[in-house]
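Below are the chains, spelled out letter by letter.
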Number of protein chains: 2
Amino acid sequence: MTKQTPTIGSSTYQRIKHDIIFGLLEPGSKLKLDTLKERYATSNSTLRETLNRLTSEGFVESPAQRGFYVTPVSREDLLEVAELRVLLECHALELSIANGDTDWEGNLVAAHHKLHLMEERMQSGDQSDKEMWKRYDWEFHLAMIEACQSKNLLSLHSILYDKYLRYQNLVLTYRGAEAVEEHKGMFDAALARDAEKAKELLELHIRNGLTHTLAAM
Amino acid sequence: MTKQTPTIGSSTYQRIKHDIIFGLLEPGSKLKLDTLKERYATSNSTLRETLNRLTSEGFVESPAQRGFYVTPVSREDLLEVAELRVLLECHALELSIANGDTDWEGNLVAAHHKLHLMEERMQSGDQSDKEMWKRYDWEFHLAMIEACQSKNLLSLHSILYDKYLRYQNLVLTYRGAEAVEEHKGMFDAALARDAEKAKELLELHIRNGLTHTLAAM
DNA sequence: AAAATCAAAATATCAGATATTATTGCCAAT
DNA sequence: ATTGGCAATAATATCTGATATTTTGATTTT
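Residues numbered from 1 in each chain as written. Chains lettered and ligands numbered in written order. Predicted model: local features only at pLDDT ≥ 70, side-chain atom pairs only at ≥ 80, totals over all residues. Heavy atoms only, no water.

In the annotation of an unreviewed UniProt entry, chain A is listed under the name GntR family transcriptional regulator and assigned to Aliiroseovarius salicola.

In this section: the packing of aromatic side chains. All names here are of chain A. According to the stated counting rule, one finds two aromatic pairs over all chains in the structure shown. For the ring pair Trp-138 and Tyr-161, a centre distance of 4.8 Å and an interplane angle of 50° mean the geometry is tilted. On the criterion of sequence distance, the pair formed by Trp-138 in helix 6 (residues 130–145) and Tyr-161 in helix 7 (residues 151–171) is long-range, its members being 23 residues apart. On the basis of relative accessibility, which here comes to 2%, the residue Tyr-161 falls in the buried class. The residue whose ring lies beneath Arg-53 is Tyr-13, and the NZ or CZ to ring-centre distance is 3.9 Å. Over the face of the ring belonging to Tyr-164 we find Arg-85, whose NZ or CZ atom lies 4.9 Å from the ring centre. (Phe/Tyr/Trp six-rings, centres within 6.5 Å; stacked < 30°, edge-to-face > 60°. Helix = DSSP H or I, 4+ residues; strand = E, 2+ residues; numbered from the N terminus. Buried < 20%, exposed > 50% of the residue type's maximum accessible area, 1.4 Å probe, protein only. Lys NZ or Arg CZ within 6 Å of the ring centre and 35° of its normal.)

Attention now goes to the sheet that holds strand 3 (residues 68–70) of chain A. Residues and elements named next belong to chain A. Spatially, three strands are ordered 1-3-2 in an open sheet, and the strand pairing comes out antiparallel. The sheet is open, and its two edges are formed by strand 1 (30–31) and strand 2 (60–61), each paired on a single side. Here strand 2 runs beside strand 3; their pairing, made up of two bridges, is antiparallel. Each bridged residue has a counterpart across the sheet, and for Val-60 the counterpart in strand 3 is Val-70. (Pairing = 2+ DSSP bridges.)

Below, the discussion takes up the UniProt feature "domain: HTH gntR-type" (unreviewed entry) in chain A. Look at the UniProt record and you will see "domain: HTH gntR-type" (unreviewed entry) annotated at residues 6–73 of chain A. Helix makes up 53% of residues 6–73 of chain A and strand 10%, with an end-to-end C-alpha separation of 32 Å. (UniProt positions renumbered as here; feature names shortened; annotations may be inferred.)

Here we take up the relation of the copies chain A and chain B. Overlaying chain A with chain B gives an RMSD of 0.0 Å, the required rotation being 180° about an axis along which the chain moves by 0.0 Å. What we have between these two chains is a two-fold relation. Taken together, the interface assignments show that 96% of the residues at the interface of chain A recur at the interface of chain B, consistent with an identical surface on both copies. (Least-squares fit on C-alpha atoms with pLDDT ≥ 70 in both. Contact = heavy atoms within 4.5 Å.)

A separate point is the packing of helix 1 (residues 8–21) of chain B against helix 7 (residues 151–171) of chain B. All names here are of chain B. Running from N to C, helix 1 and helix 7 point in directions that differ by 45°, and their axes come no closer than 8 Å. If you check the angle between helix 1 and helix 7, you find them oblique. Every residue of helix 7 that contacts helix 1 at Lys-17, Ile-20 and Ile-21 is listed here: Asp-162, Leu-165, Arg-166 and Asn-169. (Axes fitted to C-alpha atoms, helices over the stretch in contact; angles between N-to-C directions. Parallel < 35°, antiparallel > 145°, perpendicular 65-115°, else oblique.)

Turning to the interface of chain A and chain B, a few remarks are in order. Between chain A and chain B, the contact holds 25 residues from the first and 24 residues from the second. Together chain A and chain B conceal approximately 2200 Å² of surface at their shared face, both sides included; 57% is due to carbon and sulfur atoms. Interface area lost by chain A to chain B is led by Glu49(A), Glu80(A) and Asn152(A), which between them contribute 25%. Here chain A and chain B share two salt bridges between them. Notably, a salt bridge pairs Arg48(B) with Glu49(A), separated by 2.6 Å at the nearest N-O pair. Put simply, chain A and chain B have 13 residue pairs in polar contact (both at pLDDT 80 or more) between them. For the side of chain A that touches chain B, the secondary structure elements donating two or more residues are helix 3 (44–57), helix 4 (75–99) and helix 7 of chain A. Take the side of chain A that touches chain B: its biggest share by element is seven residues, from helix 4 of chain A. By residue class, the composition of the side of chain A that touches chain B is nine nonpolar, eight polar and eight charged. (Buried area = accessible area lost by both parts, 1.4 Å probe. Salt bridge = Lys/Arg side-chain N within 4 Å of Asp/Glu carboxyl O. Polar contact = N/O pair within 3.5 Å; in protein donor to acceptor, adjacent residues only side chain to side chain. Nonpolar A, V, L, I, M, F, W, Y, C, P; charged D, E, K, R; others polar.)

Here is the structure:
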């Protein structure tokens, strides 16, 4: 599990982004360079580069001449993010189902299996490793759309997924059995190459998650 | 026309982005810091911040430890960008037509009028100010979707538009009368609140532009 | 040709310094 | 008390120059 981080900059980027997504850096909070310097043990310049990247992805805001802030959350923003995720992920799913080859299927089966194991552990009460669960969730959703043959689409989707994830993490509650069913349903439809059904279930899945999250905000 | 640029960083960002989109910085070319320092009269740190932003938007690539390059172009990438633009812009258009109020209509009428004036000038042979024409084209397309009520959507669209524009600028040829008709058609459909027709025309408009550009690559 | 070697060039990172801008606290005027 | 102005203070944006690593290219060796 030792992740190779080629450069300090990229590892700082990952760490700060992670901390924003998982709520360790609170929405709206000020990102003072001096504080970050201690926290992430890196220099002014590297930090500013990182924060600029995160700004253009939308995780950080930087009003002119006033430094950096963690992008605030709001119901409207969550709604927008969820809608866009539906739009992009459903589109990608359709393409992926149309183009996916044997490797895609194999990878998908593996991803679903791992996610499912994790879900069973979560349901039996062991909610100790939420972060790992979210990682498997991500890997499953990615595996579903990975054969869409559009790098641009995958990269936009990845950002949206992370934005959506931040909201989920904010409310902290596990949706449980329903989500498990939904995953299974999408998975089966995808393997059966039933794009329409898969899209429908995916849309439902995202919207259910949205409702669940909105209710807890 | 004097655009206020609050900070050196943001103006450098705009200038470099502009130069990439308009082909002054060639696809695939190396962005050496020392060279850029002269060209844009700014410092190492500011440049690196700028290039990091552009990297995360996809206009620049930065393979680990090997500096910065202008993102190369390819037919596949153009196809992806065009498809995504269709997806996002049509979706935004539908929302915008549903939500647009009087201000939206007024603004749209103005934008179309300005674009049309420009198009007439272009068609009568005066192709001296391509950049201005592209600006009006952008303002028109933006005015169409501006009432979609999703900042996230507008910001993704803006990046895609610019990526698409870079390809158009590469081939340099004016599509002429057809595009004028298409703009008019979309405009009329939007004012008539005929979302289906407007979307159809927009999709056609983008795909025609794509064909035109691909043919010249 | 492929592999190994090594100097030169580029890159990533850092530590200050400085000018500019935002913030804050204080005082006077209403 | 509230407002407006202003100086003192704190932050920010930007720049310079230094250093450790890495990459690149040329050269040599296998």
